Each structure stands twice: as C-alpha cells, then as structure tokens.
Amino acid sequence: MCIRDSSKTPEELRESLRIARISRNARVAFVPTMGALHEGHLALVREGRKLVGDDGTVVASIFVNPTQFGPNEDFARYPRDLDGDQTKLASAGCDLLFAPEARVMYPEGERTRVRVDGLTSGLCGPFRPGHFEGVATVVAKLFSIVGEAYAIFGKKDYQQLAVLRRLATDLFFPVNVVGHPIVREKGGLAMSSRNAYLSPEERERALALSRGLRAAYAAFSGGERRAGTLVDLVQKEVEAAADTIDYVAATDADSLVAFDPEASVGDRALLAIACRVGKTRLLDNVVLGEDPMTSLSGSHS
Ligand code: PAF
C-alpha cells in the first residue's frame with residue numbers, strides 16, 4: 001500500500017485537496033505531526049478515517065518545526081524517518097502526505113508569528129519560552145493550507161490541544177479540533193517520539209509517571225478532592241524516578257489555571273506532569289472525572 005499523493009508545497013497540497021473534495025466526499029481529516037511516527041500517531045490517522053468515512057480524505061503532515069524548539073532543545077537530533085513514516089501512514093490508511101521543507105513553511109522575508117495568551121502562561125509555558133508561539137504559528141499556517149477539516153491531536157500534549165482549540169476558534173479557521181485519548185505502551189508509558197531517546201533502564205523508571213497518575217486517580221475515585229493531596233500522590237512516584245521535575249500540577253481542565261493546594265478540584269480537573277528521565281523530557285496527564293481509569297493502563301505491546 002502507498003500514500004496516494006505526497007505534496008511538498010502549500011500549492012500542491014491545496015490542489016490535491018481540491019481534487020479530493022470533488023472526486024471523493026468533501027470531508028477531510030488532518031493529522032499534523034513532526035514524524036518519527038508511532039502507534040499514537042497512527043491512532044490519530046485511524047480516528048480521522050472514522051470521522052470522514054471510507055471515501056473521505058485523510059491527510060497527514062510531517063514537519064519538524066524549527067520555531068517550536070528552544071536554542072538548547074533537541075531540534076537537530078529529533079528523530080527523522082520519512083521513508084519509514086510513509087509506510088506506516090499508508091498502512092494506517094492515510095491518503096495524502098504533506099512534507100514541506102523549512103524554507104517553504106518559513107520563506108525568506110516571513111515576519112508573522114501567532115501567540116495565544118493565557119493558556120500558555122502555566123504548565124510547559126515557562127519551561128519552554130517561545131514553544132507555543134512556534135506551535136501556534138506553524139499550525140495556523142497548516143490550517144490555512146488545509147481549509148475545512150477535522151484536525152486530530154493527541155491528548156498527551158494536553159496544553160497544546162487547548163491552545164490549538166483556542167487558535168481555531170479565535171482565528172475563525174473552519175477546522176474542528178478533535179482530541180484523541182493518550183495511547184500507552186504496555187505498562188502505561190504514554191507514547192511519544194521522544195521515548196526513542198530512553199535507555200531500557202530509563203524506560204523502566206518512566207513508568208512512574210502513569211503509576212503516579214493512577215494513584216491519584218484511585219484517590220479521586222475514592223472521593224479525595226484536595227488539589228495538594230492529589231498532586232502529592234503523583235509527586236511521590238515521579239520524585240523517586242525522575243532526574244528533574246518541571247511540574248506536577250492540578251489545574252482547571254479548560255482554563256489550565258492551577259488550583260491552590262488547599263482548594264478542591266471539584267468533579268473535573270487536569271493532573272499533569274512534565275519531568276526529565278535522563279535527558280529526555282516526558283509529559284503525561286489525566287483528566288480526573290472525565291477520562292476513564294483504563295486510559296491510564298497500557299494496552300499496546
Ligand atoms: O504535536 C506535534 O507533533 C507538533 O507540536 C505539531 C502539532 C505537529 C506542530 O508542529
């Protein structure tokens with residue numbers, strides 16, 4: 001099986017989509033990625049297929065976006081495997097691929113950046129200055145090229161999903177932003193392209209993230225509502241395993257504003273972690289009161 005068409009420029013992709021919208025049904029599902037695809041990404045492609053039907057069009061993009069990496073981050077060594085990714089996309093039923101080069105997405109003379117306020121001031125925001133501006137900028141470009149579509153993002157990057165929902169609404173993009181549940185490896189580790197950096201020993205330690213979330217989830221299910229207590233349950237597991245912790249936080253699941261430790265989280269709240277195991281930065285989260293407990297255990301081997 002192979003991808004029906006691969007585009008390298010906005011003009012080529014727009015033309016492929018124009019033809020697809022008239023020769024198939026008009027629905028389009030879009031899965032933006034930075035490549036190094038794993039089962040989590042392929043689940044987004046399959047979700048896209050469900051949303052548009054067999055004769056709709058599923059398009060994925062692969063672009064390692066330089067503007068969302070800080071100067072000391074892993075842009076240069078970010079895993080890249082375009083050939084392998086194309087095979088995986090095709091086997092998951094993706095129709096079109098958009099794989100532009102940096103000079104196409106950021107041509108000489110470009111000056112525009114997109115900034116989403118508020119939602120980016122907490123959680124990963126302070127630890128990755130400029131990151132969400134880079135994400136919002138590239139995704140605004142991609143949304144503008146793709147046009148009317150469902151756009152599917154994984155919930156592992158929960159803050160990114162919240163930012164991109166806001167972006168689509170605020171800029172009137174005809175895009176329906178869809179969040180897909182976290183896909184986990186056996187044992188519970190949330191799938192991420194960066195897991196490729198982990199040694200076997202680090203991978204074992206990284207299981208502490210989902211273990212901590214499971215402990216807090218169990219307490220929440222038993223009636224615990226104090227933000228500080230729920231955070232401490234996660235923190236205890238993560239502290240024992242991680243090399244450094246950026247945050248363990250309980251926040252409102254929509255505004256992403258952190259709860260005071262003494263406050264009650266109510267019946268729905270985000271519990272989120274960012275930490276490093278070895279040099280690898282890992283994220284994980286659960287929405288208490290919304291995600292099922294099974295969302296925290298790995299089913300994939
Ligand atoms: O989640 C990602 O892989 C990236 O942040 C995205 C949304 C493709 C933008 O570069």
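Please refer to the structure placed before this passage.
Residues numbered from 1 in each chain as written. Predicted model: local features only at pLDDT ≥ 70, side-chain atom pairs only at ≥ 80, totals over all residues. Heavy atoms only, no water.

Trainee: Even after reading the chapter, I still don't get the overall build of the protein chain, so can you show me in this structure?
Mentor: When helices and strands are counted, the protein chain shows nine helices and nine strands. Rg of the C-alpha trace for the protein chain: 19 Å, near the compact-globule value of 19 Å for 301 residues, within the 12% margin. Each principal axis of the C-alpha distribution contributes one length, and for the protein chain these read about 55 × 40 × 35 Å. Considering only intrachain contacts with a sequence separation of at least 6, the fraction spanning at least 24 residues in the protein chain is 73%. (Helix = DSSP H or I, 4+ residues; strand = E, 2+ residues; numbered from the N terminus. Rg over C-alpha atoms; globule rule 2.2 N^0.38 Å. Contact = heavy atoms within 4.5 Å.)

Trainee: Help me understand the site of the ligand in this model?
Mentor: Taken together, the residues surrounding the ligand are Pro32, Thr33, Met34, Asn65, Gln68, Val135, Val138, Val139, Phe153 and Gln160. Contact between the ligand and Gln68: an oxygen atom at 2.6 Å from a side-chain N or O atom of the residue. Measuring from an oxygen atom of the ligand, one finds a side-chain N or O atom of Gln160 at 2.7 Å. At the level of elements, β2 (28–33) and α5 (131–146) are the ones that each hand at least two residues to the shell around the ligand. No other element matches α5, which puts three residues into the shell around the ligand. Taken together, the residues that form the shell around the ligand break down as six nonpolar, four polar and no charged. (Near = heavy atom within 4 Å. Polar contact = N/O pair within 3.5 Å; in protein donor to acceptor, adjacent residues only side chain to side chain. Nonpolar A, V, L, I, M, F, W, Y, C, P; charged D, E, K, R; others polar.)

Trainee: Whenever I open this one, the side chain of Ser61 confuses me. Can you help?
Mentor: Residue position: Ser61 is located in strand β3 (residues 57–62). Sequence-distant contacts of Ser61, that is, excluding residues within four places in its chain, are made with Phe30, Val31, Pro32, Thr33, Phe98 and Leu142.

Trainee: Sorry if this is basic, but what is going on with the sheet that holds strand β1 (residues 5–7) here?
Mentor: In any sheet, the strands associate via hydrogen bonds between backbone groups, in a parallel or an antiparallel arrangement. An order of β1-β4-β3-β2-β5-β6 is seen for the six strands of this open sheet, with the pairing classed as parallel. The sheet is open, and its two borders are formed by β1 and β6 (175–180), each paired with just one other strand. The average angle at which neighbouring strand axes cross in this sheet is 25 degrees, direction not considered. Pairing geometry for β2 and strand β5 (residues 149–154), over two bridges, is parallel. (Pairing = 2+ DSSP bridges. Axes fitted to C-alpha atoms, helices over the stretch in contact; angles between N-to-C directions.)

Trainee: It is not clear to me how the pattern of salt bridges should be interpreted in this structure. Could you clarify?
Mentor: As a working rule, side chains carrying opposite charge can pair if their charged atoms are close by. Scanning the model with the defined rule gives 23 salt bridges in all. Arg103 is the partner of Glu101 in a salt bridge, and the nearest nitrogen-oxygen pair spans 3.1 Å. Glu224 is the partner of Arg226 in a salt bridge, and the nearest nitrogen-oxygen pair spans 2.9 Å. Take Glu224: its relative accessible area is 17%, and that puts it in the buried class. Each of Arg4, Arg24, Arg49 and Asp95 takes part in salt bridges that share partners, so that together they form one network. (Salt bridge = Lys/Arg side-chain N within 4 Å of Asp/Glu carboxyl O. Buried < 20%, exposed > 50% of the residue type's maximum accessible area, 1.4 Å probe, protein only.)

Trainee: What am I meant to see in the packing of α5 against helix α6 (residues 158–170) here?
Mentor: For the pair α5 and α6, the least separation of the axes is 10 Å and the interaxial angle reads 50 degrees. Relative to α6, the element α5 is oriented oblique. In terms of crossing hand, the pair formed by α5 and α6 is right-handed. Counting all contacts with α5, which are made through Phe132, Val135, Ala136, Val139, Ala140 and Phe143, the residues of α6 involved are Gln159, Gln160, Val163, Leu164, Leu167 and Ala168. Class assignment of the residues belonging to the contact of α5 with α6 gives a composition of 10 nonpolar, two polar and no charged. (Parallel < 35°, antiparallel > 145°, perpendicular 65-115°, else oblique. Left-handed = near helix turned anticlockwise from the far one by under 90°.)

Trainee: Got a minute to help me understand the sheet that holds strand β7 (residues 244–251) in this structure?
Mentor: Strand order in the open sheet formed by three strands is β7-β8-β9, and the pairing between neighbours is antiparallel. A strand with exactly one partner marks an edge of an open sheet, and here the two such strands are β7 and β9 (280–288). Strand after strand, the sheet turns through a mean of 10 degrees between neighbouring axes, direction not considered. As judged from the nine bridges shared by strand β8 (residues 269–277) and β9, these two strands associate in the antiparallel manner. If you follow Ala269 over to β9, its bridge partner there is Leu288. Along the sheet, helix α9 (residues 227–241) makes contact with β7, β8 and β9, crossing β7 at roughly 155 degrees.

Trainee: Can you walk me through the nonpolar core in this structure?
Mentor: A general trend in soluble globular proteins is that nonpolar side chains are found buried together. Among the nonpolar cores identified, the biggest contains 47 residues, and Phe143 and Leu167 are the most heavily contacted of them. For this core, the element with the highest residue contribution is α5, accounting for 10 residues. In contact with Leu167, other than residues within four places in its own chain, are Val114, Val116, Ala136, Val139, Ala140, Phe143 and Phe173. Counting 27 residues, the second largest nonpolar core, distinct from the first, contains Leu207, Val234, Val265 and Ala269. (Core = buried A, V, L, I, M, F, W, Y, C linked by side-chain atoms within 4.5 Å.)

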